[in-house]
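Close look at the chain arrangement
Listed below, chain by chain, are the residues.
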Amino acid sequence: MFLKFFARAALVASISSSLLIGNPVFAGKQLYEPMSDTVRTALSKTMELDQEPPEPMFKTSQERVGWMSQMSERLPRKWKPESQQRIDFLKMVRYESQRAGLEPELVLGLIEVESYFRRYAISSAGARGYMQVMPFWTKLIGNSDPSSLFDMRTNIRMGCTILRHYLDMEKGDLYLALGRYNGSRGRPEYPTAVERAWKHWKYNGPV
C-alpha cells in the first residue's frame, strides 16, 4: 500500500527548510465529513479503551529491547526527559499503531510532524495533543469531551483510528489518507514531511 505513496512523493520537488525534521509546522486540521451510522458505530467501538495496560507485540525479546532502545534514543529529551516516560509513550504508540494496522514508525513520524511530541500542543485550528486531533471527533466517536484529547492513550488511539479510517476510505493510498488527516488532500507538502520523518524513525535492527 505504500508504493503509491513513494511514487507520488518522488515527484515532489525539494521542499523548504521549514519542513526539516523537528519542526512541527503541519499541525492537523481534519475536516468534518458526514459518515454513516454504521461507520460511526464501528469507529466508536474501536475507541473503547481496554482495561489492561497496552502490551505491544514483538517477534522476539531481542527485537523488543532493540526497538525500544533505538526509539527512546531518538525521542526529544525536552518533551520526554525521563526514561520511564519515554518507555510508556513508545509502548502506547506501538500498541495503538499495531491495533489499527499501522506501522509504529509511521505513527511516530506523523506525531513528530504534527506536535513534535508535545502532549498539550494546540494548533491555531484547535487540533489537540500528540496527534493533533480536532475536537469534533470526540463528539463523533469519543466521549464528547475535547479535554480528553490531552490524555495520551485517548489521543493516540483516536489519531490511529482516524488515520486507519482515512486509509480505508482511500483504498490504501497513504498519500491521500495523510492529506485527509491534515485537511490538505491532494497537496504534497504534508505527506512528504511525514514520509521524511517516517524514514528517520525506521528501525535499524537489534542493537
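Residues numbered from 1 in each chain as written. Predicted model: local features only at pLDDT ≥ 70, side-chain atom pairs only at ≥ 80, totals over all residues. Heavy atoms only, no water.

1. Looking at the nonpolar core
Threshold: Take the buried Ala, Val, Leu, Ile, Met, Phe, Trp, Tyr and Cys residues and link them wherever side-chain atoms come within 4.5 Å; each set so joined is a nonpolar core. Buried means the residue's accessible area, taken with a 1.4 Å probe over protein chains only, is under 20% of the maximum for its type, while exposed means over 50%, and partly exposed covers the values in between. Put simply, DSSP marks the helices as runs of H or I at least four residues long and the strands as runs of E at least two long, and each gets a number from the N terminus on. Whether two residues are in contact is decided by their heavy atoms: any pair within 4.5 Å suffices.
Of all hydrophobic cores here, the largest spans 49 residues; its most connected members are F89, L108, M131, W137, I156 and Y181. Of all the elements in the fold, those that place two or more residues in this core are α3 (61-74), α4 (83-99), α5 (104-115), α6 (136-141), α7 (152-169), α8 (174-182) and α9 (189-201). In this structure W137 touches Q30, M35, G142, M158, I162, H165 and Y166, once residues within four positions along its chain are discounted.

2. A few points about the packing of α3 against α4
Helices that pack against each other are described as a pair by the angle of their axes relative to one another and the distance between those axes. Our working rule: For helices, the fitted line uses only the C-alpha atoms of the stretch in contact; every axis is such a line through C-alpha atoms, and the angle between N-to-C directions lies from 0 to 180 degrees. Geometric relationships in this document are graded by angle, where less than 35 degrees denotes roughly parallel, more than 145 denotes roughly antiparallel, 65 to 115 denotes roughly perpendicular, and other angles denote oblique. By convention the crossing between two helices is left-handed if the near helix lies anticlockwise of the far one by an angle smaller than a right angle, and right-handed if it lies clockwise.
Remark: α3 packs on α4, axes separated minimally by 10 Å, with the N-to-C direction vectors making an angle of 115 degrees. Compared by their axis directions, α3 and α4 come out roughly perpendicular. For α3 against α4, the interelement crossing comes out right-handed. In contact with E63, W67, M68, M71 and S72 of α3, α4 contributes R86, I87, L90, K91 and R94.

3. Here we look at the packing of aromatic side chains
The following threshold applies: In summary, the pairing rule links any two rings of Phe, Tyr or Trp, Trp by its six-membered ring, whose centres are within 6.5 Å, and it sorts them by plane angle into stacked for under 30 degrees, edge-to-face for over 60 and tilted for everything else. Our definition puts a charge over a ring when NZ of Lys or CZ of Arg is within 6 Å of the ring centre and also within 35 degrees of the ring normal.
For the coordinates displayed, the defined rule picks out nine aromatic pairs. When the ring of Y116 is compared with that of F117, the centres are 6.0 Å apart and the planes differ by 55 degrees; the resulting orientation is tilted. Relative accessible area serves as the criterion here: at 25%, Y116 is assigned to the partly exposed category. Linked through ring pairs, F89, Y116, F117, Y130 and W201 together constitute an aromatic cluster. The ring of F89 has K80 lying over it, and the distance from NZ or CZ to the ring centre is 5.0 Å. The ring of W67 carries R94 above its face, with NZ or CZ at 4.7 Å from the centroid.

4. Brief notes about the environment of C160
Tracing the backbone shows C160 in helix α7. When its relative accessible area of 1% is taken as the criterion, C160 is described as buried. The spatial distance from the C-alpha of C160 to the C-alpha of V107 is 7.6 Å, given a sequence separation of 53 residues. Filtering out sequence-adjacent residues up to four positions away, C160 remains in contact with E96, S97, A100, L102, V107 and M131.

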